[in-house]
Amino acid sequence: MATAMRRNEDPHVSESSDDNAQSAESSRVDFKRADRSSSTALVSHPGMRVSAWISRAATQSPRTLAALLGAIWGLVVVGPARLNPLNVEWLRVGDLSSAYTNLLYFRQTSWWQWPITSLPNYGVGWSTMFNESGVVPLGLAVKLLDPVLPTHFQYFGLWVLACFVLQGVLAYVLLSRLKVTGLVLWVGVLLFVTAPILSFRFSQLGHHDLVAHWLILLAVALYLDEKFRVARLAGLLLLSLSINAYLFVIVVAVVIAHLVALWMAHDRRPSTMQFVRGTLLILAPSLAAYAAFGYLSWGENVVGVGTFRLSVGALVARDFGGEEFAYLGLGSLVTIGFAAFVFTTRRYRLARHWLPLVCVSAALYLVSLSNEVSFGSWSLEYPLPDWAESLRQVVRVANRLAWLPYYLLILAGVVGVSRMGSRYRRFVPTLAVCIALLQVVDRVPATVLSETGVLRAKATWSVLQDPRWGKWQASADRVVLYPVFDVQGPSTAPQSAVLAETQDWFDIMWWAAEANLPTNFSYRSRPVGDIVTRENERLELALATGDLDENAVYITASRDAWRPVVRLLPNSMDTVFVDGLYVIYPIRERTS
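### Points about the overall build of the protein
Here comes step 1: Broken down by element type, the protein carries 23 helices and 6 strands.
Here comes step 2: Restricting to contacts in the protein with at least 6 residues of sequence separation, those with at least 24 account for 77%.
Here comes step 3: Accessible surface, the protein as shown: approximately 28,300 Å² in total, 62% of it carbon and sulfur.

### What about the pairing of strand S4 (residues 552-556)?
Here comes step 1: Extensive coverage of S4 is indicated by the burial of 5 of its 5 residues.
Here comes step 2: What you see with S4 is no split at all: Ala 552, Tyr 554 and Thr 556 on one side and Val 553 and Ile 555 on the other are buried throughout.
Here comes step 3: Summarising the sheet, strand S3 (residues 478-482) and S4 pair through 5 bridges and their orientation is parallel. Its bridge partner lying in S4, Tyr 482 is registered against Thr 556.
Here comes step 4: The sheet contact formed by S4 and strand S6 (residues 581-586) spans 3 bridges and is antiparallel.

### Structural notes on the nonpolar core
Here comes step 1: Membership of the largest hydrophobic core comes to 154 residues, with the highest contact counts inside it found for Leu 404, Tyr 407 and Leu 411.
Here comes step 2: Among the elements that line this core, the one with the most residues is helix H7 (residues 156-177), at 12 residues.
Here comes step 3: Ignoring anything within four residues of it in the chain, the contact list for Tyr 407 reads Gln 167, Phe 192, Ala 195, Ile 197, Leu 198, His 213, Ile 216 and Leu 217.

### Looking at the confidence of the model for the protein
Here comes step 1: Taken as a whole, the protein shows an average pLDDT of 82; of its residues, 82% reach a score of 70 or greater.
Here comes step 2: A low-confidence stretch, residues 23-44 stays under pLDDT 50, and its non-local contacts, those more than four residues away or across chains, total 5 contacts.
Here comes step 3: pLDDT under 50 marks residues 451-458. Its contacts with residues more than four places away, or in other chains, come to 26 contacts.

### Overview of helix H19 (residues 468-475)
Here comes step 1: Trp 469, Trp 472, Gln 473 and Ser 475 are the residues of H19 that are buried.
Here comes step 2: At its buried positions, H19 is contacted by helix H21 (504-514), S4, strand S5 (573-578) and S6.

### Things to note about the packing of aromatic side chains
Here comes step 1: Applying the stated criterion across every chain yields a total of 26 aromatic pairs.
Here comes step 2: Ring geometry for Tyr 105 versus Tyr 122: centroids 5.1 Å apart, planes at 10 degrees, classification stacked. One end of the pair, Tyr 105, is in helix H5 (residues 94-106); the other, Tyr 122, is in the loop between H5 and helix H6 (136-144), and 17 residues separate them in sequence. Comparing Tyr 105 with Tyr 122, the two get one shared label, buried.
Here comes step 3: Centroid distance Phe 192 to Tyr 407: 6.0 Å. Interplanar angle 15 degrees. Geometry classified as stacked. With Phe 192 in helix H8 (residues 182-193) and Tyr 407 in helix H17 (residues 403-418), this residue pair connects regions lying 215 residues apart in the sequence.

### Re helix H22 (residues 531-545)
Here comes step 1: Along its 15 residues, H22 runs 21 Å from first to last C-alpha, staying within 8% of the 21 Å computed at 1.5 Å per residue.
Here comes step 2: Looking only at H22, the buried set comprises Ile 531, Val 532, Glu 535, Asn 536, Leu 539, Ala 542 and Leu 543. One side of H22 carries all its buried residues, which in axial view fall inside an arc of 125 degrees. Every exposed residue of H22 that faces more than 90 degrees away from the buried side is listed here: Glu 537, Leu 541 and Ala 544.
Here comes step 3: Among the structural elements, S3, S4 and helix H23 (559-565) are those in contact with the buried residues of H22.

### Focus: the pattern of salt bridges
Here comes step 1: Applying the stated criterion across every chain yields a total of 13 salt bridges.
Here comes step 2: In this structure, the salt-bridge partner of Arg 107 is Asp 146, at a minimum N-O distance of 2.7 Å. Here Asp 146 lies in the loop between H6 and H7 and Arg 107 lies in the loop between H5 and H6, a separation of 39 residues in the sequence.
Here comes step 3: For Asp 146, a relative accessible area of 23% corresponds to the partly exposed category.
Here comes step 4: Among the salt bridges present, the one from Asp 549 reaches Arg 478, with a minimum N-O distance of 2.9 Å. A residue pair is termed long-range when its members are at least 10 positions apart, and Asp 549 in the loop between H22 and S4 and Arg 478 in strand S3 qualify at 71 residues.
Here comes step 5: Accessibility expressed as a relative area gives 23% for Arg 478, which makes it partly exposed.
Here comes step 6: Look at the salt bridges and you will find they share partners, linking Glu 89, Arg 92 and Asp 507 into a network.

### As for the packing of helix H10 (residues 214-223) against helix H12 (residues 245-264)
Here comes step 1: Contact geometry of H10 with H12 gives a least axis separation of 9 Å together with a crossing angle of 5 degrees. The orientation of H10 with respect to H12, classified from their angle, is roughly parallel. The residues of H12 that touch H10, namely those facing Leu 215, Ile 216, Ala 219, Val 220, Leu 222 and Tyr 223, are Leu 247, Ile 250, Val 251, Val 254, Ala 257, His 258 and Ala 261.
Here comes step 2: A class-by-class count of the residues in the contact of H10 with H12 yields 12 nonpolar, 1 polar and no charged.

### A look at the environment of Gln 113
Here comes step 1: Looking at where Gln 113 falls in the secondary structure, it is placed in the loop between H5 and H6.
Here comes step 2: Classification of Gln 113 as buried rests on a relative accessible area of 14%.
Here comes step 3: Sequence spacing of Gln 113 and Ala 292 is 179 residues, and the spatial spacing of their C-alpha atoms is 9.9 Å.
Here comes step 4: Among all residues touching Gln 113, those that are not within four sequence positions of it are Phe 106, Ser 118, Pro 120 and Lys 143.
Here comes step 5: A polar atom in the side chain of Gln 113 sits 3.1 Å from the backbone oxygen of Ile 116.

### Remarks on the sheet that holds S6
Here comes step 1: Strand order across the open sheet formed by 4 strands is S3-S4-S6-S5, with mixed pairing between neighbours. Each of the sheet's edge strands pairs with one partner strand only, and the pair in question is S3 and S5. Sheet twist, expressed as the average angle between the axes of neighbouring strands with direction ignored, equals 20 degrees.
Here comes step 2: Where H22 meets the sheet, it contacts S3 and S4, and its direction lies at approximately 95 degrees from that of S3.

### A short note on the environment of Gly 331
Here comes step 1: By the element assignment, Gly 331 lies in helix H14 (residues 330-345).
Here comes step 2: As a C-alpha pair, Gly 331 and Leu 438 span 107 residues in sequence and 5.0 Å in three-dimensional space.

### A closer look at unusual backbone geometry
The general pattern is negative phi for most residues beyond glycine and trans for most peptide bonds.
Here comes step 1: With omega at -5 degrees, the peptide bond leading from Trp 114 into Pro 115 counts as cis.
Here comes step 2: With an omega dihedral of -10 degrees, the bond running from Tyr 482 to Pro 483 counts as a cis peptide bond.
Here comes step 3: Mapped onto the fold, Pro 483 is located in the loop between S3 and helix H20 (496-502).
Here comes step 4: With a phi close to 65 degrees, Lys 179 is a non-glycine residue in the positive phi region.
Here comes step 5: Residue placement: Lys 179 occurs in the loop between H7 and H8.
Here comes step 6: Classification of Lys 179 by relative accessible area gives exposed; the value is 64%.
Here comes step 7: Of note in this structure, Asp 579 is not a glycine but carries a positive phi near 50 degrees.
Here comes step 8: Secondary-structure assignment places Asp 579 in the loop between S5 and S6.
Here comes step 9: Look at Asp 579 and you get partly exposed, because its relative accessible area is 28%.

What counts and how
- Residues numbered from 1 in each chain as written.
- Predicted model: local features only at pLDDT ≥ 70, side-chain atom pairs only at ≥ 80, totals over all residues.
- Heavy atoms only, no water.
- Helix = DSSP H or I, 4+ residues; strand = E, 2+ residues; numbered from the N terminus.
- Contact = heavy atoms within 4.5 Å.
- Areas by Shrake-Rupley, 256 points an atom, 1.4 Å probe, with all protein chains shown as cover.
- Buried < 20%, exposed > 50% of the residue type's maximum accessible area, 1.4 Å probe, protein only.
- Pairing = 2+ DSSP bridges.
- Core = buried A, V, L, I, M, F, W, Y, C linked by side-chain atoms within 4.5 Å.
- pLDDT = per-residue confidence, 0-100.
- Phe/Tyr/Trp six-rings, centres within 6.5 Å; stacked < 30°, edge-to-face > 60°.
- Expected span 1.5 Å × (residues − 1).
- Arc of directions from axis to C-beta.
- Salt bridge = Lys/Arg side-chain N within 4 Å of Asp/Glu carboxyl O.
- Axes fitted to C-alpha atoms, helices over the stretch in contact; angles between N-to-C directions.
- Parallel < 35°, antiparallel > 145°, perpendicular 65-115°, else oblique.
- Nonpolar A, V, L, I, M, F, W, Y, C, P; charged D, E, K, R; others polar.
- Polar contact = N/O pair within 3.5 Å; in protein donor to acceptor, adjacent residues only side chain to side chain.

Here is the structure:
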């Protein structure tokens, strides 16, 4: 108001001021135009265009950029050829072959069976379930579309790529909720996406269902929610159970920690009745799905203590193989080191809300170490009560439980770097770039050069090359393998090591699954009890007396078992040695 009065008292001064203001504004407009034209010229360079797009995406569509980071690294790990749903030859190895055999059988099962994941023809009497090495929602989708899909169709490559994309997106969501911004945020996303245990799990071990580590990030993100989200927590548990049992156990641990944290927050604590009712609603869908997915049929567990365990040095050592591999990566290790320095020097205190999650994470880490703690050549063993040892066997490969503390360490490292004080603030961008470079330099050679079959899907052809296999597939009612053996335990059956070591039985089961032929053997991730002994005794008697099923194909790698039965074959059957296997097959065509 005082300014308006002065302008009314002296109109000449006011007009002069307006002219000057217009002139200055005109100059600014001209400058902006010149600057814009200069920027346009610079951005016309391809590299500058990419940089400008990334900068724009980071501010306008950050989740898209996070997804892109995940997709790029996922493509490096999976390889373009593996994304083709019709390319299945690369699946003829290890656990991937078993998972694909499960899918072939599952597509042909009844919609009215119980449990819904049962595979009645894959190992008759063995209680084989699709979800032992399959993602239930995807399996149901393929089963629904089975009438219009070709015989050989796989989703494994696209699923793993989607897991990397979700890993990037949820890493961004999690870090954003913790107020991590700028370059540190994107370096953090990079660390989560390139986590060595993620790429190693697929490229080396072929566990496509266990690549869904984004479930752990999603669980931690929901842990940060200050409200009692019953539907979200119930959905998370149900989703994780439908993907993998080990990931379900980790998610359950995080959900329990979340419930404890809500109860500890006096200002936001729900009433006792709301808490009890909500907890029951959270658990009910998973309990029902537990039965529907066939987990109640699982028998005794493989011994895990002392066999499947994590070494104390696994987080910092890159030379561990198999299930013991838990290397953090050089970039993550440097990040955690700087974060420890920040938290120590600035005397940060752990917020009370984080205490339940930290305690649960520490407990899972101790379980993963088992009662035989080792570090290099040093080891310490302590006895466990029988009940504790039995409880641990529920998750026999308990070293996977260390994935929660693994990712919490990376999370703490990124948050710590982002919290560096003003004294070190100017060094943060340089530090973030160095961390990113260290991680890339550390992981790209290891992923591309050491981890097998990453950039391209190499075809591994079946050992069943003779064209007569197609005829036998059409004429038989079932497939009988001798001897059968327990993949998860030592086998005393004669000649079983031949098939077990060469893994020819993978091709045999795949061949049987194509026609949905019932088999007397299957790959189980858990022991099958005495069914192996009973089945081999029955087959030994049948082969010794010639009492064979005239509608079955008998396959064995044992010459000693095959030779006596040659003289006892009925007229409706014949035998041949083909593709390294002894085959007894029906002569007439299948009538049904």
